[in-house]
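Per-entry structural report
What follows is the residue order along each chain.
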Amino acid sequence: MRLPIFLILFLSTRFAIAQQRVIALDTLPKSGEITLQKGWRWHDGDNRAWASPTLDDSHWDSIRPIRTLDMQRKPLAGNIGWLRLRISIDSSLVGKQLYFNVDQAGASELYLDGRLLRRFGSVSANASRQVDYSPTRFEWYPLTTKPGPHVLAVRWAYHKPAWYVPIDRVTNQSMFEVTLRPADTLMEQVALPKAQNFRSPLIVGVFLMLSAVQFLYYLYRRQRVNLYFGLTSLFFALARSNAIIRPFQTDLITASWLAFVSGLCYMLYCIYLCATFYVFLNKRLTWLFWALTAVVLFAFFVDHFTEQEIIPIILLMAGLGGLFIDLLVASVTALRTQQANARLVLIPLLTMVGVMVGMIIVTIILRDRNSVTMELIGNAATLIINLTIPLTLAVILARENAQTNRDLEARLKDVEKLSVEKETILKDQKATLEKEVAQRTATLNRSLQELRNTQTQLVQREKMASLGELTAGIAHEIQNPLNFVNNFAEVSGELIAELRQEQTRPDRDPTLEAELLTDIEQNVVKIGQHGGRAASIVRGMLEHARTSTGERQPTDINALADEYMRLSYHGLRAKDKRFNATLVTEFTPSLAPISVVSQDIGRVLLNLFNNAFYAVQEKAKTTPEGYKPTVTVSTRLVSTPPTEPSNRPEGAPSSARSTGPGPENGGPGNGHVEVRVNDNGNGIPQHLQRKIFQPFFTTKPTGEGTGLGLSLSFDIVTKGHGGSLSVDTKPGEYTTFILMLPA
């Protein structure tokens, strides 16, 4: 019976104490600031009446809002709730004019005795309507109050960010923290971050310049150590930039991303710093280095995007520690092997260890001193740790570059001495060479002139041979119309004699006389037609024999090809009466005239037809009677410009065919006219196909060809008309020459 009574009395006493618990604020600690950590009450939900100082909050849950969100002992049931704290301010503090600063995650409204003091963001139960606000360290607000008991009430809301937002900065933020400071110590607290904000831009600027210098060295020297050290300096500058931006950032999500990027750059800074030392010590980056690098980056991402805490920190410390130990071992090994600059590499590593040990000792000794002093000492130690190794490495590389410059200057002096000696030798050799060159130049000029004369003679011989073949063809061609003229003239004479005889008869027949006159008239017309044909052949012969003026004129390519095909055929038949071949023409009737030099293109066509008829003639001599020599000429309009011929003569420039006025050179640009000359002769062997357009190359027996026909034709088409000339052949079956001319 006594035990239940005792428990009832004990619980009643505890309830009364809890109900009346008040945090007394009567003195200032040595640090000069008061952080309201204990005595807070928490209740889920939202009711503005909970700001009233008379509200009974004894049944609310106890909470320490100064803890981070992930360290709250009891998980928060909802996204919005109220915090309450009862305080009693001594009169000695009221006279000092207190200021308060808030650090929080989410948004809040701060009430004092039911009166709204300040809004930090916009509180809402709806995540889309809430505006989070994280006050900076510069934001201190006056707390005007009277001595005695007071109630602080906080309407607070927090919504978990999206899954892709780094949560490390969010979860490490205090739920809600209120700090009080008197006015006389406020300037010291505000001056510290301002001093840090001045130091950070200076450090960032120095390291950016250092990275730029190293990148320039890398572009000049192409050494990996400069590239790695440049990246090291760049990543440190980027990591340090967060210290410039963060004090002015009030959005927690933005601050989370800034912290993530800054942390990632710092991890890369540590990794590339170790890699720089490895390269500087001529050590290969082993699998252990890459494994530790992977562990560090994996732990970093796990720490920022998951709610794991202990495991990522352990992995991160293990990875960075492993890299540092491995680097320390490599430095000691280099020192034992008496490698250059190994001692300078080891000194900053040992200095960093000494600073870390000293920082631990100072922290233990001054743990109860002023927090500002501790923060200054911590910042100085961190700065020394971060700057010792990069600056030492920069000094080492600067010394190496200076030594390299001195070596280059010494070599330059040696080169200058050698240059003076060589200059004297070269002057003597130059005089000797000039004499020899003058003699050889005179000899070469004579040989060149002889070669030009020979070439001119060969070209003239080819032209005369072409003219002879053309003349033979024309003589045979002109014989036909002359035979017709003679025959019709003889018949017409007989008809006239018969007409006169009829007129002398007494019984004249008018009908017969009319028929005789009609026949005479038709014969006269035929005589005129064939006489005109003979005259046109003579004109064509004169035009072909006349030296080309180079003037372009609209030319019917169908008529030109047909005329020269028949002239070539009859010219060959004039030499060999037994030769016969089938002539096939496949002309496009609607083909418009094209602007060409008709005499030059006529020579090209004549050469192609002569080769075609020669090929079928040679095959007919060695082929059974079933073989039918056939030469085909076809024309058509194509829209695709000619491609570079696969059988372009060896040594000829690929741009030779684009010097005429084609579409690409200011011509009409309406496509190309394609003329194909095909024969069913023996074809051209594979190993000779790229030589057929070379000057003086021929497959004909000695005395039957000069080897200039196709060469001249190629130059006329490509250089004179901006077209192309190529060949398609299959040994033993056919050969097709393809002539492309701009339309």
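Just above sits the structure.
A brief look at the structure comes next. All values derive from a computational prediction rather than experimental measurement. (Residues numbered from 1 in each chain as written. Predicted model: local features only at pLDDT ≥ 70, side-chain atom pairs only at ≥ 80, totals over all residues. Heavy atoms only, no water.)

Scanning the protein chain for helices and strands turns up 14 helices and 18 strands. Within the protein chain, the proportion of its 743 residues that are buried is 41%. A separation of at least 24 residues holds for 78% of the contacts in the protein chain among residues at least 6 apart in sequence. Of the roughly 41000 Å² of accessible surface on the protein chain, a fraction of 59% belongs to carbon and sulfur atoms. (Helix = DSSP H or I, 4+ residues; strand = E, 2+ residues; numbered from the N terminus. Buried < 20%, exposed > 50% of the residue type's maximum accessible area, 1.4 Å probe, protein only. Contact = heavy atoms within 4.5 Å. Areas by Shrake-Rupley, 256 points an atom, 1.4 Å probe, with all protein chains shown as cover.)

Pairing in this open sheet of five strands is mixed, and the strands run β13-β15-β16-β18-β17 from one edge to the other. In this open sheet, the two edge strands, each paired with only one partner strand, are β13 (582-586) and β17 (724-730). Pairwise comparison of adjacent strand axes, ignoring direction, gives a mean angle of 15 degrees for this sheet. By the bridge criterion, eight bridges tie strand β15 (residues 630-638) to strand β16 (residues 672-679) in an arrangement that is antiparallel. The residue of β16 that forms the bridge with Arg636 is Glu674. Of the strands in this sheet, β13, β15 and β16 are in contact with helix α12 (residues 557-575), which crosses β13 at around 175 degrees. (Pairing = 2+ DSSP bridges. Axes fitted to C-alpha atoms, helices over the stretch in contact; angles between N-to-C directions.)

Within a sheet, neighbouring strands are paired by backbone hydrogen bonds and run either parallel or antiparallel to one another. Read from one edge to the other, the open sheet built from four strands follows the order β2-β11-β6-β9, with strand pairing classed as antiparallel. Each edge of the sheet is formed by a strand with only one pairing partner; in this case those strands are β2 (34-35) and β9 (141-142). Here β2 pairs with strand β11 (residues 176-182) via two bridges, running antiparallel. Looking at β11, one finds that Thr35 is bridged to Thr179.

On to the pairing of β11, then. The buried fraction of β11 is high, at seven of seven residues. Residues of β11 alternate between two faces, with Phe176, Val178, Leu180 and Pro182 on one and Glu177, Thr179 and Arg181 on the opposite face, all of them buried. Sheet topology note: the strand β6 (residues 98-104)/β11 ladder contains seven bridges and is antiparallel. Bridge pairing in β11 links Val102 to Val178.

It is worth spelling out the pattern of salt bridges at this point. Applying the stated criterion across every chain yields a total of 12 salt bridges. In this structure, Arg636 and Glu674 form a salt bridge, with 2.6 Å as the shortest nitrogen-oxygen distance. Remark: Glu674 occurs in strand β16 and Arg636 occurs in strand β15; sequence separation between them is 38 residues. Exposure remark for Arg636: the relative accessible area of 41% places this residue in the partly exposed category. For Glu674, a relative accessible area of 6% translates into the label buried. Between Glu674 and Arg676 there is a salt bridge, with its nearest N and O atoms 2.9 Å apart. Owing to a relative accessible area of 27%, Arg676 belongs among the partly exposed residues under this scheme. Here the salt bridges share partners, and the residues they tie into one network are Asp46, Arg48, Glu109, Arg119 and Arg155. (Salt bridge = Lys/Arg side-chain N within 4 Å of Asp/Glu carboxyl O.)

For helix α7 (residues 287-305), which comprises 19 residues, the first-to-last C-alpha distance of 27 Å matches the rise-based estimate of 27 Å (1.5 Å per residue) to within 8%. Within α7 the residues assigned to the buried category are Phe289, Leu292, Thr293, Val296, Ala299, Phe300, Val302, Asp303 and His304. (Expected span 1.5 Å × (residues − 1).)

Let us now look at the packing of aromatic side chains. Applying the stated rule across the entire model yields 26 aromatic pairs. Between Phe301 and Phe305 the ring centres are 6.3 Å apart and the planes differ by 10 degrees, which places this aromatic pair in the stacked class. A residue pair is termed a helical-turn pair when its members lie 3 or 4 positions apart in one helix, as Phe301 and Phe305 do in helix α7 at four residues. Aromatic pair Phe693 and Phe714: ring centres 5.2 Å apart, planes at 40 degrees, arrangement tilted. Of this pair, Phe693 sits in the loop between β16 and α14 (709-721) while Phe714 sits in helix α14, and the two are 21 residues apart along the sequence. Phe693 sits in the buried class, given a relative accessible area of 2%. Aromatic rings pair up to connect Trp257, Phe260, Phe300, Phe301 and Phe305 into one cluster. The ring of Trp60 has Arg84 sitting right over it, with the charged end atom 5.9 Å from the ring centre. (Phe/Tyr/Trp six-rings, centres within 6.5 Å; stacked < 30°, edge-to-face > 60°. Lys NZ or Arg CZ within 6 Å of the ring centre and 35° of its normal.)

Moving on: the packing of helix α5 (residues 224-245) against helix α6 (residues 252-280). Here α5 crosses α6 at 155 degrees, and the two axes come no closer than 8 Å. Regarding the angle of α5 to α6, the classification is roughly antiparallel. Along this stretch, α5 crosses α6, giving a crossing that reads as left-handed. (Parallel < 35°, antiparallel > 145°, perpendicular 65-115°, else oblique. Left-handed = near helix turned anticlockwise from the far one by under 90°.)

Let us now look at the state of the cysteines. Each disulfide is one covalent bond, formed between the sulfur atoms of two cysteines. Summed over all chains, the structure comprises zero disulfides. Free of any disulfide, Cys270 has its nearest neighbouring cysteine sulfur in Cys274, separated by 7.1 Å. By relative accessible area, which is 14% here, Cys270 ends up buried. (Disulfide = S-S within 2.5 Å.)

This part is about a nonpolar patch on the surface. There is a patch of nonpolar side chains on the surface, built from Val295, Phe298, Ile311 and Leu315 and spanning about 340 Å² of accessible area. Put simply, the parts of the chain that give the nonpolar patch at least two residues each are α7 and α8 (310-336). Relative to the assigned elements, Val295 resides in helix α7. (Patch = residues over 30% accessible without salt bridge, like charges linked within 9 Å, V, L, I, M, F, W, Y side chains within 5 Å.)

Take the environment of Asp132 next. Inspection of the secondary structure assignment puts Asp132 in the loop between β8 (115-120) and β9. Overall, the relative accessible area of 22% leaves Asp132 in the partly exposed class. Taking the C-alpha atoms as reference points, Asp132 and Ile253, separated by 121 residues in sequence, lie 8.7 Å from one another. With residues up to four places along the chain from it excluded, the contact list for Asp132 reads Gly106, Ala107 and Thr250. There is a polar contact of 2.7 Å between the side chain of Asp132 and the side chain of Gln130. (Polar contact = N/O pair within 3.5 Å; in protein donor to acceptor, adjacent residues only side chain to side chain.)

Ranked by internal contacts, the top residues of the largest apolar core, which has 41 residues, are Ile557, Ile601, Leu605, Phe609, Phe613 and Leu739. Every element with two or more residues in this core is listed here: α12, β14 (594-596), α13 (598-622), β15, β16, α14, β17 and β18 (734-742). Once residues lying within four places of it in the same chain are set aside, the contact partners of Leu605 are Leu560, Ala561, Tyr564, Val675 and Leu739. Judged by nonpolar contacts, the second largest core, of 37 residues, contains Leu210, Phe229, Leu281 and Leu327. (Core = buried A, V, L, I, M, F, W, Y, C linked by side-chain atoms within 4.5 Å.)

It is worth stressing that arrangement in space is one thing and function is another; only the former is reported here.
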